[in-house]
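Listed below, chain by chain, are the residues.
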Amino acid sequence: MKADWGLDADLYGCPSFNILARDVQDVERHNMLHPTDKPRVSHVAELLNDSTAPVVAASDYIRLFGEQIRSAIKAPYKVLGTDGFGRSDTRGKLREFFEVNRYYVTVAALKELADQGAIEASVVAEAINKYGIDAHKKNPISL
């Protein structure tokens, strides 16, 4: 993002959306049952909620894994995943086919920034063109 668009990005690895989701659910439960206590904050909220920058989650699994933590994230949140039938190819080809590779992550982040009014929509179109993304290709979840 920095080299192509002059924008900084923070990257986080997520070994388990399930574990993060359990933490979010535990915190939400505690806060519901202890309304007069100082509210607890989930790990993912602690990491991501000091910024209004968009959050893009990309996974080699179905989108539902990333969706599990949506309630903890205040910023615009976009989830990319490999919904659809299994494919037997390289991981790179899989990510390209299901639109979860670095180019789609960049386009998703730029689109969220454009939706916020932080950049022009034309920058998103420029990125789509620069990365050779076929905007008219059939959605992979329907193939």
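Anything mentioned here points back to the structure above.
Let me sum up the structure you'll find in this document.

Calculation notes
- Here the residue index of a chain counts from 1 through its sequence in written order.
- Whole-chain, interface and lining totals are the exception, using all residues; otherwise, since this is a predicted model, local features are given only for residues with pLDDT of at least 70 and side-chain atom pairs are given and counted only at 80 or more.
- To get the side-chain values, all heavy atoms of the structure are used, and hydrogens and water are removed first.
- Salt bridges, as used here, are contacts in which a Lys or Arg side-chain nitrogen is within 4 Å of a carboxyl oxygen on Asp or Glu.
- Here's how the labels work: a residue is buried when its accessible area is under 20% of the maximum for its type, exposed when over 50%, partly exposed in between, all with a 1.4 Å probe on protein chains only.
- In DSSP terms, a helix is any run of H or I states spanning at least four residues, a strand is any run of E spanning at least two, and both are numbered starting from the N terminus.
- A cavity here means a set of points on a 1 Å grid, drawn over the protein atoms and nothing else, where a 1.4 Å probe fits but cannot get out; a pocket is an open set with protein on both sides within 12 Å along at least five of seven lines, and a residue lines either one if it has an atom within 4 Å of a point.
- Grid points are joined across faces, edges and corners, and a volume is the space filled by probe spheres set on the points.
- For this scheme, ten residues count as nonpolar: Ala, Val, Leu, Ile, Met, Phe, Trp, Tyr, Cys and Pro. Four count as charged, namely Asp, Glu, Lys and Arg, and the remainder, Gly too, count as polar.
- Counted as positive: Lys and Arg. Counted as negative: Asp and Glu, with His and the chain ends omitted from the count.
- Contacts: residue pairs with any heavy atoms within 4.5 Å of one another.
- Two rings from Phe, Tyr or Trp (for Trp, the six-membered ring) form a pair when their centres are within 6.5 Å of each other. A pair whose planes differ by under 30 degrees is stacked, one over 60 is edge-to-face, and the rest are tilted.
- Whether a charge lies above a ring is judged from NZ of Lys or CZ of Arg, which has to be within 6 Å of the ring centre and within 35 degrees of the ring normal.

This part takes up the pattern of salt bridges. In the structure shown here, the tally under the stated rule is seven salt bridges. Residue aspartate 8 is joined to lysine 2 by a salt bridge in which the shortest nitrogen-to-oxygen separation is 3.3 Å. Each member of the pair, aspartate 8 as well as lysine 2, is classed as exposed. In this structure, the salt-bridge partner of aspartate 60 is arginine 91, at a minimum N-O distance of 2.7 Å. On the criterion of sequence distance, the pair formed by aspartate 60 in the loop between β1 (55-58) and α4 (63-67) and arginine 91 in helix α5 (residues 91-97) is long-range, its members being 31 residues apart. On the basis of relative accessibility, which here comes to 53%, the residue arginine 91 falls in the exposed class.

This paragraph deals with the layout of surface pockets. In this structure, the largest pocket spans a volume of roughly 1500 Å³. What lines the largest pocket is a set of 46 residues, and nearest its centre among them are Asp10, Leu11, Tyr12, Val56 and Ala57. Only α2 (17-33), α3 (43-48), β1, α5 and α6 (102-116) provide two or more residues apiece to the lining of the largest pocket. Per-element tally for the lining of the largest pocket: the top contributor is α6, with six residues. A class-by-class count of the residues in the lining of the largest pocket yields 30 nonpolar, nine polar and seven charged. The wall of the second largest pocket is formed by 18 residues, among which Lys78, Leu80, Glu99, Tyr104 and Val107 lie closest to the centre. Only β2 (77-80), α6 and α7 (121-130) provide two or more residues apiece to the lining of the second largest pocket. Residue contributions to the lining of the second largest pocket peak at five residues, all from α6. Of the residues belonging to the lining of the second largest pocket, the class tally is ten nonpolar, one polar and seven charged.

This part is about the side chain of glutamate 112. Here glutamate 112 is to be found in helix α6. Buried within the structure, glutamate 112 lacks any salt-bridge partner; lysine 78 is the closest side chain of opposite charge, at an N-O distance of 5.7 Å. Apart from the residues within four sequence positions on either side, glutamate 112 is in contact with Pro54, Pro76 and Lys78.

Inspection of every chain in the model, using the stated rule, returns four aromatic pairs. Measuring from centroid to centroid gives 5.4 Å for tyrosine 61 and phenylalanine 65, while their planes differ by 50 degrees, and the two rings are tilted. With 4.6 Å between their ring centres and 35 degrees between their planes, tyrosine 103 and tyrosine 131 make a pair best called tilted. Of the two residues, tyrosine 103 is situated in helix α6 and tyrosine 131 in the segment after α7; the sequence distance between them amounts to 28 residues. Aromatic ring contacts, followed pair by pair, group Trp5, Tyr103 and Tyr131 into a single cluster. We note lysine 137 situated over the ring of phenylalanine 97; from NZ or CZ to the ring centre the distance is 5.6 Å.

This is a description of form; function is not addressed.
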